[in-house]
Amino acid sequence: MSVLAKTRAPEEPAVAREPRVTDEHGRRIRVWELVLRYALLLAVLALTIGPFLWQLSTSLKGPTEDIYSSPPTFLPGDPTLHNYERVADTIPVWDYALNSLKVATANVVTNCVGSALAGYALARLRYRGRRVATLAFILAMLVPVEGIIIAQFTTMRELGLNNTLIGVVLPGCVGAMNVLLMRNAFLNLPYEIEEAAFVDGANVWQRFLRIALPSVKGTLAVVAIFAFMGAWDDFLWPLIVLSDPSTFTLTIGLNYLHGTFANDERLVAAGTIIAVAPLIALFACLQRYFFRGVGEGAVKG
């Protein structure tokens with residue numbers, strides 16, 4: 001054995017490093033900060049999802065189960081769908097749901113088409129009065145619905161649209177907030193792409209349909225979700241403009257359950273779940289486009 005081998009210090013055993021948790025900027029997160037963040041997330045989750053889970057559990061409980069037990073039980077002992085059958089026997093809930101679906105679908109189509117056209121005109125086209133038009137949409141968002149609802153009702157009556165689903169759709173067919181959302185999405189698109197298309201001979205409609213509109217699918221999904229939720233959950237305006245029970249939307253029909261069957265919590269909970277289920281299905285279908293709207297308009301390499 002050489003002298004160098006004898007004098008060489010023995011190698012220290014490798015020490016396992018503690019895994020580091022970092023944020024998006026690479027900064028280390030302390031353990032107590034991580035615990036605090038998860039605790040806040042769980043608290044927010046309980047506040048938002050808890051009432052829905054409680055309503056779902058109540059709607060699945062039979063008449064023999066105590067829904068006011070202490071401590072409360074979320075899982076029903078004997079799940080049943082009888083409460084949903086009772087809702088359908090009490091009110092024509094599926095007819096009301098179909099009316100709401102017609103109104104919500106029409107509201108989504110008109111808002112997506114109208115907001116995309118108006119947003120593109122405000123963001124891309126050059127004409128006199130463009131800033132005034134943008135300011136008008138901003139000011140329209142500041143006006144409360146209660147302040148113009150009488151004028152809307154008078155207008156629908158003069159047009160002969162009272163007690164019709166068209167009268168329910170027309171006042172909200174294009175929302176000011178949706179127009180501004182689309183305007184901001186189109187503003188984030190680089191001008192160089194449309195300039196290149198203009199040099200190649202593309203007109204305004206071709207640039208809008210083939211270049212600008214496919215690049216803002218995320219914002220269109222946001223507009224579609226907001227429009228569907230606003231039309232599906234709307235209660236005050238359909239209550240004012242509709243008087244024939246055959247044209248009632250789901251929110252007005254379910255109000256009958258809250259009034260007449262207020263003591264039957266299982267029946268009310270089943271009606272609530274029927275009203276919320278389409279919103280969950282819509283968001284589940286459009287969520288990948290919804291969350292993609294943050295980076296919309298960026299140039300891809």
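Now for a quick tour of the structure. (Residues numbered from 1 in each chain as written. Predicted model: local features only at pLDDT ≥ 70, side-chain atom pairs only at ≥ 80, totals over all residues. Heavy atoms only, no water.)

## Points about the overall build of the protein
Quick reminder of the rule: Secondary structure elements follow DSSP: runs of H or I no shorter than four residues count as helices, runs of E no shorter than two count as strands, and numbering proceeds from the N terminus. Only protein chains enter the accessibility calculation, which uses a 1.4 Å probe; a residue whose area is less than 20% of its type maximum is buried, one above 50% is exposed, and one in between is partly exposed. Residues count as neighbours in contact if any of their non-hydrogen atoms are within 4.5 Å of one another. The Shrake-Rupley method, run with a 1.4 Å probe sphere, supplies the accessible areas, and residue values consider only the shown protein chains as cover.
Check the secondary structure of the protein and you find 14 helices and zero strands. In the protein, the order of α-helices and β-strands from amino to carboxyl end is α-α-α-α-α-α-α-α-α-α-α-α-α-α. For the protein, buried positions account for 33% of its 301 residues. In the protein, 71% of the contacts between residues at least 6 apart in sequence involve partners at least 24 apart. Carbon and sulfur atoms make up 65% of the accessible area of the protein, which amounts to about 19400 Å² in all.

## Points about the pattern of salt bridges
The following threshold applies: A carboxyl oxygen of Asp or Glu within 4 Å of a side-chain nitrogen of Lys or Arg is what we treat as a salt bridge.
In the structure shown here, the tally under the stated rule is two salt bridges. Across the pair arginine 124 and glutamate 194 runs a salt bridge whose closest N-O atoms are separated by 3.0 Å. With arginine 124 in the loop between helix H4 (93-123) and helix H5 (130-142) and glutamate 194 in helix H9 (residues 191-199), this pair connects stretches of sequence that are 70 residues apart. No difference in accessibility class separates arginine 124 from glutamate 194, as the two residues are buried. Three or more residues joined by partner-sharing salt bridges are found here, namely Arg124, Glu194 and Arg207.

## Topic: unusual backbone geometry
Not every positive phi belongs to a glycine, and asparagine 163 is a case in point at roughly 65 degrees. For asparagine 163, the location among the structural elements is in the loop between helix H6 (145-159) and helix H7 (165-169). What makes asparagine 163 partly exposed here is its relative accessible area of 24%.

## Here we look at the environment of threonine 73
Inspection of the secondary structure puts threonine 73 in the loop between helix H2 (31-59) and helix H3 (82-90). The sequence separation of threonine 73 and serine 57 amounts to 16 residues, and the corresponding C-alpha distance is 8.6 Å. Excluding its chain neighbours within four sequence positions, the residues that come into contact with threonine 73 are Trp54, Ser57 and Lys61.

## A look at a nonpolar patch on the surface
What counts here: Patch rule: a residue counts if its relative accessible area is over 30% and it has no salt bridge; like charges are joined within 9 Å, and nonpolar side chains (Val, Leu, Ile, Met, Phe, Trp, Tyr) within 5 Å.
A cluster of nonpolar side chains, namely Leu42, Leu45, Ile49, Leu53, Phe74 and Leu75, defines an oily patch on the protein surface of about 610 Å² accessible area. Residue placement: leucine 42 occurs in helix H2. For leucine 42, a relative accessible area of 56% gives the class exposed.

## Here's the deal with helix H8 (residues 176-187)
For clarity, the cut-off: A helix is expected to span 1.5 Å multiplied by its residue count minus one.
Relative to the 16 Å expected for 12 residues at 1.5 Å per residue, H8 spans 17 Å between its end C-alpha atoms, a close match to the ideal helical length. Buried within H8 are the following residues: Ala176, Asn178, Val179, Leu180, Met182, Ala185 and Phe186. Structurally, H8 contributes buried residues whose contacts are with H4, H5, helix H10 (204-212) and helix H11 (217-233).

## Looking at the packing of H9 against H10
The condition that has to hold: Helix axes use the C-alpha atoms of the stretch in contact, all axes being lines fitted to C-alpha atoms, and the angles between their N-to-C directions lie in the range 0 to 180 degrees. Relative orientations are named as follows: roughly parallel for angles under 35 degrees, roughly antiparallel for angles over 145 degrees, roughly perpendicular for angles from 65 to 115 degrees, and oblique for any other angle. Handedness of each helix crossing follows the sense of rotation of the near helix against the far helix: counterclockwise by less than a right angle gives left-handed, clockwise gives right-handed. Three residue categories are used. Nonpolar comprises Ala, Val, Leu, Ile, Met, Phe, Trp, Tyr, Cys and Pro, charged comprises Asp, Glu, Lys and Arg, and polar comprises the others, including Gly.
The N-to-C vectors of H9 and H10 enclose an angle of 130 degrees; their axes lie 11 Å apart at closest approach. Considering their axes alone, H9 and H10 lie oblique with respect to each other. For the pair H9 and H10, the crossing hand works out as right-handed. Taking contact as the criterion, the partners of Ile193, Glu194, Ala197 and Phe198 in H9 are, on H10, Arg207, Ile211 and Ala212. Considered class by class, the residues forming the contact of H9 with H10 number five nonpolar, no polar and two charged.

## Quick look at the packing of aromatic side chains
This is how it is decided: Think of it this way: a Phe, Tyr or Trp ring, Trp meaning its six-membered ring, pairs with another when their centres are within 6.5 Å, and the plane angle makes it stacked under 30 degrees, edge-to-face over 60, tilted otherwise. Geometrically, a charge over a ring is one whose NZ (Lys) or CZ (Arg) sits within 6 Å of the ring centre while staying within 35 degrees of the ring normal.
With the rule as written, the count across this model stands at six aromatic pairs. Their ring planes at 10 degrees and their centres at 5.6 Å tell us that phenylalanine 228 and tryptophan 232 sit as a pair that is stacked. Taken together, the residues span about one helical turn, with phenylalanine 228 and tryptophan 232 both in helix H11 at a distance of four residues. Like phenylalanine 228, the residue tryptophan 232 is buried in the burial classification. Stacked on the ring of tyrosine 191, the Lys or Arg arginine 124 has its end atom at 4.1 Å from the ring centre.

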